[in-house]
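What follows is each chain in one-letter form.
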Amino acid sequence: MISDLMAKLADVFGQGLSSIFYPVPQEAIGVGSAFEGWSPRAEGVVYQVLVPLSPPPGHAFHLELDAAGMAPRNFRVRVELLCTCSSGELREDMLCFLHQPEEELRRKQEPSLLHSLCSGSYLDAEKTAQWFSLFVRVAWLLLPQSRHWRLTLQASSRSCRFQLSKEQESLMAEMIFGVRQGDSDIFVGSQPSEGGMPSTTWLETCAVAEAKFFRHVSRQAPQDSWHCKCLQLLSRSLMAGGFSSYTVKTVLMHLLSTVPLTRWRRRDFPQRLMDVLRYLGCSLQTKRLHHFVIGNESFPVEIRLPSELRQAEPLNLFQSLASNPDAHGKAVQEFHRLLHG
């Protein structure tokens, strides 16, 4: 239902807003636990989609690394105006932003993206999310789903969150906006993060690549594979002890790439649970848990990664534990409490 809604919203955008110069939404991509086939919570599942954005006519996007350093990295999306004087692919009535008089542009054409959703020369993640939230509110009235469901927008500065409800049913969805890195499956996204950040900062995200990895596994695994059930159970249990679901998911992805997929059936369930716990225990002991995508040269080649990301130094997700003995001791103690409990 969420995927169908995203497709219909994109149709409304294409039909009604083709004359204005806003980022053009492409086909939404389901990411996160709800679309990967597992969820750490029985209730309150959030269906998260990443909406790739393309530049409008007469514009180009350029990704600029905000600050050099270890991945995941921060980027800014610089917006450039292009000359359209001799382009045959654009609308006949479109004026060139670069070479037409400003007075004529103001009188005959909608403002460029630089004058709407940018701060300076850079695409503003907060302005983009706020504008799309307004668009969803208006476009909803044109969709057939509005006859049976009620849409309620939720407060969010860098994404578009909304709830769909009907009688006793309820769905929560979140639209994250992203710009693709080249032709890869890695994006810079508007997803919220811990702590404040400039509104022109876009975070590198591997969410699409990870969702594709789960689909890659599902195509090759036996039909009765229990790898998602394993992740679902352990994430719920370990989150109670302060471990993030992403930590458990990372451990499981490492094991899915080393333990044959034929050994994830129901009869193997207890052994695979123990494998995950042993892997997590060893990672805590060594204070090292490598990110599954960044720096993983054996990541499936059909899932496209920028070469610098595939060859990068592996990112240690437990770096904070390595630099904080008190936090490390607490994590080890909590792990053993959960294990024996």
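Residues numbered from 1 in each chain as written. Predicted model: local features only at pLDDT ≥ 70, side-chain atom pairs only at ≥ 80, totals over all residues. Heavy atoms only, no water.

S.K.: I would appreciate a short explanation of the overall build of the protein in the present structure.
M.R.: Looking only at helices and strands, one finds 11 helices and 12 strands in the protein. Scaling as 2.2 N^0.38, a compact globule of 341 residues should have a C-alpha radius of gyration of about 20 Å, and the protein matches this with 23 Å. When the 341 residues of the protein are sorted by exposure, 48% land in the buried category. Carbon and sulfur atoms provide 49% of the accessible area of the protein, an area that totals close to 17,500 Å². Once the 35 positive and 34 negative side-chain charges of the protein are each reduced to a mean point, those two points are 7 Å apart. (Helix = DSSP H or I, 4+ residues; strand = E, 2+ residues; numbered from the N terminus. Rg over C-alpha atoms; globule rule 2.2 N^0.38 Å. Buried < 20%, exposed > 50% of the residue type's maximum accessible area, 1.4 Å probe, protein only. Areas by Shrake-Rupley, 256 points an atom, 1.4 Å probe, with all protein chains shown as cover. Lys, Arg positive; Asp, Glu negative; His and termini not counted. Charge placed at Lys NZ, Arg CZ, Asp CG, Glu CD.)

S.K.: What is the right way to look at helix H11 (residues 325-340) in this model?
M.R.: Side chains that are three or four residues apart share a direction in an α-helix, a result of its 3.6 residues per turn. With 16 residues, H11 should cover 22 Å at 1.5 Å per step; its first-to-last C-alpha distance of 23 Å lies within 8% of that length. Listed as buried for H11 are His328, Ala331 and Phe335. Buried residues of H11, seen end-on, are gathered within an arc of 65° and therefore sit on one face of the element. Projecting away from the buried face of H11 at angles above 90 degrees are the exposed residues Pro325, Asp326, Lys330, Gln333, Arg337 and His340. (Expected span 1.5 Å × (residues − 1). Arc of directions from axis to C-beta.)

S.K.: Honestly, the confidence of the model for the protein in this entry has me stumped. Any pointers?
M.R.: Should the pLDDT be low somewhere, the predicted coordinates at that spot are not to be read in detail. For the protein, per-residue confidence averages 90 on the pLDDT scale, and 96% of positions sit at 70 or higher. Averaged pLDDT values over the elements of the protein bottom out at 83 in helix H3 (residues 102-108) and peak at 98 in strand E7 (residues 122-123). (pLDDT = per-residue confidence, 0-100.)

S.K.: Would you explain the pairing of strand E8 (residues 150-154) in this entry?
M.R.: A regular strand places its side chains so that they alternate between the two faces of the sheet. For E8 and strand E9 (residues 160-166), the ladder comprises 5 bridges, and the chain directions are antiparallel. Opposite Gln154, over in E9, you have Arg161 as the bridge partner. Connecting E8 to the antiparallel partner E9 that follows it, the hairpin turn spans 5 residues. (Pairing = 2+ DSSP bridges.)

S.K.: For this particular structure, what's the right way to read the environment of Gly189?
M.R.: Locating Gly189 in the fold gives a position in strand E11 (residues 187-189). As for Gly189 and Phe75, which are separated by 114 residues in sequence, their C-alpha atoms are 9.1 Å apart. Apart from the residues within four sequence positions on either side, Gly189 is in contact with Arg158, Phe177, Gly178, Trp202, Leu203 and Thr205. (Contact = heavy atoms within 4.5 Å.)

S.K.: It is not clear to me how the pattern of salt bridges should be interpreted in this structure. Could you clarify?
M.R.: Any two side chains of opposite charge can pair, given that their charged atoms come close. For the structure on display, the rule yields 17 salt bridges. Here Asp275 ties to Arg272 by a salt bridge, and the two come within 2.8 Å at their closest N and O atoms. Remark: Arg272 and Asp275 occur in helix H8 (residues 269-286); sequence separation between them is 3 residues, near one turn of the helix. The exposure class of Asp275 is buried, given its relative accessible area of 15%. Owing to a relative accessible area of 9%, Arg272 belongs among the buried residues under this scheme. In this structure, a network of salt bridges that share partners links the residues Arg180, Asp185, Lys212 and Arg304. (Salt bridge = Lys/Arg side-chain N within 4 Å of Asp/Glu carboxyl O.)

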